[in-house]
Amino acid sequence: MYSSNYVWAKVIGYIENKIGAAAAATWFDDAEVVGLSEDKLVLYSPSPFRQDMIRQHCVQYIQEAMLEYFSMSVQVDILGEQEFSDRRVHDPVREKKPDFLVNNPQYTFDTFVVGPSNTFAHATSVAVANNPGVTYNPLFIYGPSGLGKTHLLYAIAAEIYRRQPELRMVYVKEDQFTNELIEGLKNGKIEEFRGKYRGADLLLMDDVQFIAGKASTEEEFFNTFNELFLARKQIVLTSDRPPDEMLKLEDRLRTRFQGAMLADITPPTYETRMAIIQSKSLSMGLEMPGDCCQYIAQKITTNIRQIEGVVKKISARHDLNKMEVNLSTVTKIIDEMYKGKADTLPTPDLIISEVSRYYSIPEETIRGSLKNKITSEARRLAMYLIRQITGMSLPDIGKVFGGKDHTTVLYAVRKVDEGLAKGDKRIAGNLKEITANINTRLEG
């Protein structure tokens, strides 16, 4: 039986060939294979919206890929947060030994390509894995999207499990932490929620920057952080920016983060990119000619995830269409995947989504007519950012917000401009952080 990691890499390559790398990344970025047998593939995604999109548009492609590559006719089950939690409750061993963390050969220290841009982050991660709770605790890894922060989280977990399999590990993305907190409060299960996180021997949180500005989440995480730290339990956090640039974060939590071992990752050097391309190609059984490696390394300079996406696409074309791998075909694939990408603007939907996340207000409320102070501010900033970033006309922006008149949009834009002109640091800081979040989404 093939490893779930190998199978999923092949499936994603097939899907990218069908719907494009950008669309595949959008729907499958946070998806994990949590079960694989001869007749069933079980997928977990924390986002209800992405779950629905996968069910409606991508299950067929998953099944086609499984049949094409592995001659397996599978049923595809997609688990949401509650189903995944129930699965872990009925399988207590899984709670202690999360397979996608500790049995994922793609994300280990051995497969992490070390170069000048990530040497310190790699070294501190290895030290943590060798001596959890003692050396570099907490560890805070930061850098732009797509450079290997999550890879290091998985590698730490895998190495700790190899050495100390009895330790209880919890991996979570910030939005999942927030959603579980909300569910715990709503269903009267807050103690169960706290027990899960405060009972961990190793807590790994991805995208901790999104915690900023969510009062209840910050409060709960602050207490969780303190309890784990005082108990000498290992904490590892990743972020797309250092703590002092998390402008809306409470001071007491920022102080905790600043007191961590800070390790940054920057875009890889040319030599490191070459090594990554060669390593990824070998792992997929693909013989990549030297001139093709050089071309990829020269064209994609800032994002390891994009490099891996190109190699997957080439591998899929080679396997499915018997495409010859040469400079001409590789050039064509990169042009298809990234032509005009540098000129791509975020959509109004993406901007509203990030304003919604930042203010913890539902998107439909921001698009609606509710006029309390915080909602009105969020709506004004969303209109302002859409105007500034996309250049859309005032009437078109009004349509995005439920058909509002262009004068309403103009008032919102002017109101924000006036605040900035008067030196309103809070509004300027909010805009800066939301814009950084938007850029992170685009890079990812």
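Scoring rules and cut-offs
Residues numbered from 1 in each chain as written. Predicted model: local features only at pLDDT ≥ 70, side-chain atom pairs only at ≥ 80, totals over all residues. Heavy atoms only, no water. pLDDT = per-residue confidence, 0-100. Helix = DSSP H or I, 4+ residues; strand = E, 2+ residues; numbered from the N terminus. Contact = heavy atoms within 4.5 Å. Pairing = 2+ DSSP bridges. Axes fitted to C-alpha atoms, helices over the stretch in contact; angles between N-to-C directions. Expected span 1.5 Å × (residues − 1). Buried < 20%, exposed > 50% of the residue type's maximum accessible area, 1.4 Å probe, protein only. Arc of directions from axis to C-beta. Phe/Tyr/Trp six-rings, centres within 6.5 Å; stacked < 30°, edge-to-face > 60°. Lys NZ or Arg CZ within 6 Å of the ring centre and 35° of its normal.

A. Quick look at the confidence of the model for the protein. Within the protein, residue pLDDT values average 85, and 92% of them lie at 70 or more. Across the protein, strand S4 (residues 139–142) holds the top mean pLDDT of 96, while helix H6 (residues 92–96) sits lowest at 40. Counted against residues more than four places away or in other chains, residues 89–97, with its pLDDT under 50, gives 15 contacts.

B. Molecular detail of the sheet that holds strand S3 (residues 75–79). Reading across the sheet, the 3 strands line up as S1-S2-S3 and stay open at both edges, with mixed pairing between neighbours. Bordering the open sheet on either side are strand S1 (32–36) and S3, each of which pairs with just one other strand. Across this sheet, the average inter-strand angle for adjacent strands is 25°, counted without regard to direction. Judged from the 4 bridges that link them, S1 and strand S2 (residues 40–44) form a sheet pairing that is antiparallel. From the neighbouring strand, Gly35 faces S2, where its bridge partner is Val42.

C. Structural context of helix H4 (residues 59–70). Spanning 12 residues, H4 covers 16 Å between terminal C-alpha atoms, matching the ideal 16 Å at 1.5 Å per step. Listed in full, the buried residues belonging to H4 are Val59, Ile62, Ala65, Met66, Tyr69 and Phe70. The arc that holds every buried residue of H4, seen down its axis, measures 125°, which confines them to one face. Immediately downstream of H4, the backbone of Ser71 shows phi near 55°, a positive value.

D. Region of interest: the packing of aromatic side chains. Evaluation of the coordinates by the stated rule reveals 16 aromatic pairs. A centroid spacing of 5.5 Å and a plane angle of 80° characterise the contact between Tyr358 and Tyr359, whose relative ring orientation is edge-to-face. Here Tyr358 and Tyr359 have matching classes, each one buried. Three or more aromatic residues joined by ring pairs form one cluster here, namely Phe140, Tyr142, Phe177, Phe193, Tyr197, Phe221, Phe225, Phe229 and Phe257. Directly above the ring of Tyr69 sits Lys10, whose terminal nitrogen or CZ lies 5.5 Å from the centroid. When the ring centre of Phe222 is taken as reference, the NZ or CZ atom of Arg252 above it lies at 4.0 Å.

E. Here's a closer look at unusual backbone geometry. In this structure, Pro138 follows Asn137 across a cis peptide bond, with omega equal to -5°. Assignment of secondary structure puts Pro138 in the loop between helix H8 (119–130) and S4. In the Ramachandran plot, Tyr136 falls in the positive-phi region, its phi being about 55° despite a non-glycine side chain. If you trace the backbone, Tyr136 turns up in the loop between H8 and S4. The residue Arg232 is not glycine, and still its phi comes out positive at about 60°. Checked against the element boundaries, Arg232 lands in the loop between helix H12 (215–230) and strand S7 (234–239).

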